[in-house]
Amino acid sequence: MQIRNIAIIAHVDHGKTTLVDKILHATHVFRDNQETGELIMDNNDLEKERGITIFSKNAAVEYKGVKINVIDTPGHSDFGGEVERVLKMADGVLLLVDAFEGPMPQTRFVLQKALQLNLKPIVVINKVDKPNCRPDEVHEAVFELFFNLDATEDQLDFPTFYGSGKNGWFNSKNEQCADITPLLDGILQYVPAPKVAEGPLQMQITSLDYSSFLGRIAVGKVARGTIREGQSIALMQAGGVIKRSKVKELYTFMGMGKKKATDVEAGDICAVVGLEDFNIGDTIADSENPEALPVISVDEPTMSMLFGINNSPFFGKDGKFVTSRHLRDRLMKETEKNLALRVEDTDSADSFLVFGRGILHLGILIETMRREGFELTVGQPQVLVKEIDGKKHEPYENLVVDVPSEFSGKVIDMVTQRKGEMLVMESKGEMQHLEFEIPSRGLIGLRSNMLTNTAGEAVMAHRFLEYKPWKGPIPGRSNGVLLSKNQDKTTAYSIDKLQERGTFFVDPGEEVYAGQIIAEHIKPGDLIVNATEGKKLTNMRASGSDDSVRIIPRKQMTLEECMEYIQQDECIEVTPKKIRLRKSILDEEERKRIARTMKTEQVG
């Protein structure tokens, strides 16, 4: 059977997962009357809630007697590690571009990786049914992008399809047709069959699957030779280590699931069961004459956070896993399948340094652990600083903001305050398209401020550029916080009296403890307040003095917003039921003592 391996790449929200849905429906993977819902590939709870793809996934369909392996990839740069390695399984890529937004920073990042691997691109301009879309200009912009990324003559001669994934049609010209068959025909016509080299077995493990029955499963494309059930193989790891192993079971992909196979020919993607202790990037080779494929390199992490056990007075109330051993084992397990993540031990046995690609990357990990029943404390995200030629260097990012013209001044002002430099400013209809170069530190906390100042209209995207010399101090949060004085339940009476002092993060009747952050102060500087005092009732009551309290609803913050909000001496307590902000040192006297020693050190 002929095979085509294709990866779908695009910027966040340009319609990758929706396109996969349409391909699955068009090739009758499901019965006609089967209820499938939308975004079938996003099967993880967090993916469903956020509407983004986090893990790349495989599906396979049959069309006109040809098997098409489809790989759905994430669009966020924080999961770039995921995309880089799955592209190794593909022979062609469908580059999806929004007909209004055009190529975005992420598109550039993934396309560059695909072109370096010499994959055949097919450009799909999606959402042409959107008002004020500009498919022809976008087509030119994509061509320019290919040219800037040094595409070969053959890659520059890419076929283009137009259509609307939501309405279920794609055509080789910008005219509505019945369904997506022109695109499927295009895949068969333009994507080359896998190149098969002669020689003994070689297969690189490019992703992991996990099943509670079968354990860890290795997924990859067979580069040459044939892999068989029960075959003895050599597992070749980094550093020249060779382990002998045996293939217990083999599966190929079919529809949304897997089907058992006795042997898999070169060019097809398969899942291998029965290997112990393998890592992504290892090569499964012939046991007689093993040859390794080049190891996959993944971009370095750019951000770190301190993960520690929960040491607040409410420790162990909600979670099942609360000890440092639980935490360490869970983080080590995560590094096996999450390539862009690194974990290091610190001087304290209760905390670990976790390195990742960005706030979203680390936030997803914390959210997943929290749902599994972990309690932990996480500190402020820090960027990774490198010494280059004796000078301090920090990561810089390319930031793209699309915003209505009337807010562009505010956006430029906010980014330049955080040491960003404007490179491009152009109009796209009523929107202003702005591009900046900004230190990664400046991005922490920028998104929430920007949405507040642009009435929620700004669309932000950023990607890592390179390390450049340190830019100097960047202003953090300007307001202080209100801290709880004691441990008790908050009362409506106290909160009502304190409301003019700041914006509250807690509701009346909520348990708080000393040192917990319960509100944002309206001025700089922290303030310790008593929010747990009840109203004293006397025998004498003047009529009308007992007005009912009016309480403004509390400010709710997501985990990522909390991560961007906290300062250096603060941390977040994350439990399965609650996210609380607190000072790292809860005792007020202890905090003052440490602040004094810090001051004397600086003076000294």
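Residues take numbers from 1 onward in each chain, read along the sequence in its written order. Thresholds applied to this predicted model are a pLDDT of at least 70 for local features of residues and 80 or more for the giving and counting of side-chain atom pairs; totals over whole chains, interfaces and linings are not thresholded and use all residues. The side-chain quantities take in all heavy atoms of the structure and omit both hydrogens and water.

Remarks on the overall build of the protein
(1) Moving on: Across its full length, the protein holds 15 helices and 35 strands.
(2) Moving on: Burial classes follow relative accessibility: with a 1.4 Å probe on protein chains only, a residue under 20% of its type's maximum area counts as buried, one over 50% as exposed, and anything between as partly exposed. Looking at the 604 residues of the protein, the share that counts as buried comes to 52%.
(3) Moving on: Look at the contacts in the protein between residues 6 or more apart in sequence, and 71% of them connect residues 24 or more apart.
(4) Moving on: Each accessible area is a Shrake-Rupley estimate made with a 1.4 Å probe; only the visible protein chains count as cover when residues are assessed. Carbon and sulfur atoms make up 48% of the accessible area of the protein, which amounts to about 28600 Å² in all. Segments assigned H or I by DSSP are reported as helices when at least four residues long, segments assigned E as strands when at least two residues long, and all are numbered from the N terminus. Residues count as neighbours in contact if any of their non-hydrogen atoms are within 4.5 Å of one another.

Remarks on unusual backbone geometry
(1) Moving on: Look at Lys-64: it is not a glycine, yet its phi comes out positive at around 50°.
(2) Moving on: Inspection of the secondary structure puts Lys-64 in the loop between strand E2 (57-63) and strand E3 (66-72).
(3) Moving on: In this structure, Asp-389 takes a positive phi of about 50° despite not being glycine.
(4) Moving on: If you trace the backbone, Asp-389 turns up in the loop between strand E23 (386-388) and strand E24 (391-404).

As for the side chain of Glu-520
(1) Moving on: Mapped onto the fold, Glu-520 is located in strand E32 (residues 517-521).
(2) Moving on: By the counting rule applied here, Lys and Arg register as positive and Asp and Glu as negative, while His and the ends of each chain are not counted. What makes a salt bridge here is a side-chain nitrogen of Lys or Arg within 4 Å of a carboxyl oxygen of Asp or Glu, nothing more. Of the buried charged residues, Glu-520 lacks a salt bridge, with Lys-555 as the closest side chain of opposite charge at 4.1 Å.
(3) Moving on: Those residues within four positions of Glu-520 in sequence are excluded, and the remaining contacts are Asn-479, Gly-480, Val-481, Arg-501, Gly-502, Thr-503, Phe-505, Lys-555 and Tyr-565.

A short note on the pattern of salt bridges
(1) Moving on: Evaluated as defined, the whole model comprises 27 salt bridges.
(2) Moving on: With a shortest N-O distance of 3.0 Å, Glu-367 and Arg-371 are connected by a salt bridge. Within this pair, Glu-367 and its partner Arg-371 are both found in helix H9 (residues 359-371), separated by 4 residues, close to a single helical turn.
(3) Moving on: Given the relative accessible area of 8%, Glu-367 is considered buried.
(4) Moving on: Residue classification places Arg-371 among the partly exposed positions, given a relative accessible area of 41%.
(5) Moving on: Two residues, Lys-468 and Glu-437, come together in a salt bridge whose shortest N-O distance is 2.5 Å.

Description of the sheet that holds strand E12 (residues 242-246)
Backbone-to-backbone hydrogen bonds pair the strands of a sheet. The strands run either parallel or antiparallel.
(1) Moving on: Strands qualify as paired when DSSP identifies two bridges or more between them. Pairing in this open sheet of 8 strands is antiparallel, and the strands run E12-E11-E17-E8-E9-E16-E13-E14 from one edge to the other. The open sheet is flanked by E12 and strand E14 (257-261), the only strands paired with a single partner. Between one strand and the next, the sheet's axes are offset by a mean angle of 40°, whatever the strand orientation.
(2) Moving on: Pairing analysis gives 9 bridges linking strand E8 (residues 202-211) to strand E9 (residues 215-224), with the strands arranged antiparallel. Its bridge partner being in E9, Asp-209 is matched across the sheet by Ile-217. Throughout, an axis means a line fitted to C-alpha atoms (over the contacting stretch in the case of helices), and angles, computed between N-to-C directions, take values from 0 to 180 degrees.

A closer look at the packing of aromatic side chains
(1) Moving on: To pair, rings of Phe, Tyr and Trp, with the six-membered ring standing in for Trp, must have centres within 6.5 Å; the planes then decide the type, stacked if under 30 degrees apart, edge-to-face if over 60, and tilted in the middle. Per the counting criterion, the structure on display carries 5 aromatic pairs.
(2) Moving on: Aromatic side chains Phe-321 and Phe-374 sit 4.8 Å apart centroid to centroid with 35° between the ring planes, which places their arrangement in the tilted category. On the criterion of sequence distance, the pair formed by Phe-321 in the loop between strand E18 (303-309) and helix H8 (324-337) and Phe-374 in the loop between H9 and strand E21 (376-379) is long-range, its members being 53 residues apart.
(3) Moving on: Relative accessible area serves as the criterion here: at 6%, Phe-374 is assigned to the buried category.
(4) Moving on: Arranged with centres 5.7 Å apart and planes meeting at 90°, the rings of Phe-505 and Tyr-565 form a pair that is edge-to-face.

Looking at the pairing of strand E25 (residues 421-428)
(1) Moving on: In terms of strand pairing, E25 meets strand E26 (residues 431-439) through 7 bridges, oriented antiparallel. Bridge pairing in E26 links Met-422 to Phe-436.

Here we look at the pairing of strand E1 (residues 2-10)
Within a regular beta strand, the side chains point alternately toward one face of the sheet and then the other, so they alternate between its two faces.
(1) Moving on: In terms of burial, E1 is a largely internal element, 8 of the 9 residues being buried.
(2) Moving on: Bridge count between E1 and E3: 7 bridges; the pairing is parallel. Bridged to Ala-7 within E3 is Ile-71.
(3) Moving on: With 5 bridges connecting them, E1 and strand E4 (residues 92-98) associate as parallel partners. Counterpart to Ile-6 in the pairing with E4 is Gly-92.

A few points about the packing of helix H10 (residues 408-417) against helix H12 (residues 446-453)
Helix-helix packing: each pair is described by the crossing angle between the helix axes and the interaxial distance.
(1) Moving on: Two elements in contact, H10 and H12, have axes separated by 10 Å at closest approach and are oriented at 155°. Of the possible angle classes, the one that applies to H10 and H12 is roughly antiparallel. Seen along the crossing, H10 lies across H12 with a hand that is right-handed. Only Leu-446, Asn-449, Met-450 and Asn-453 of H12 make contact with H10, whose side of the interface consists of Lys-410, Val-411, Met-414 and Val-415.
(2) Moving on: Here the contact of H10 with H12 is composed, by residue class, of 5 nonpolar, 2 polar and 1 charged. Here the angle decides the label: under 35 degrees means roughly parallel, over 145 means roughly antiparallel, 65 to 115 means roughly perpendicular, and every other value means oblique. Crossing handedness follows the turn of the near helix against the far one: under a right angle anticlockwise gives a left-handed crossing, and clockwise gives a right-handed one. Nonpolar residues are Ala, Val, Leu, Ile, Met, Phe, Trp, Tyr, Cys and Pro. Charged residues are Asp, Glu, Lys and Arg, and all others, Gly as well, are polar.

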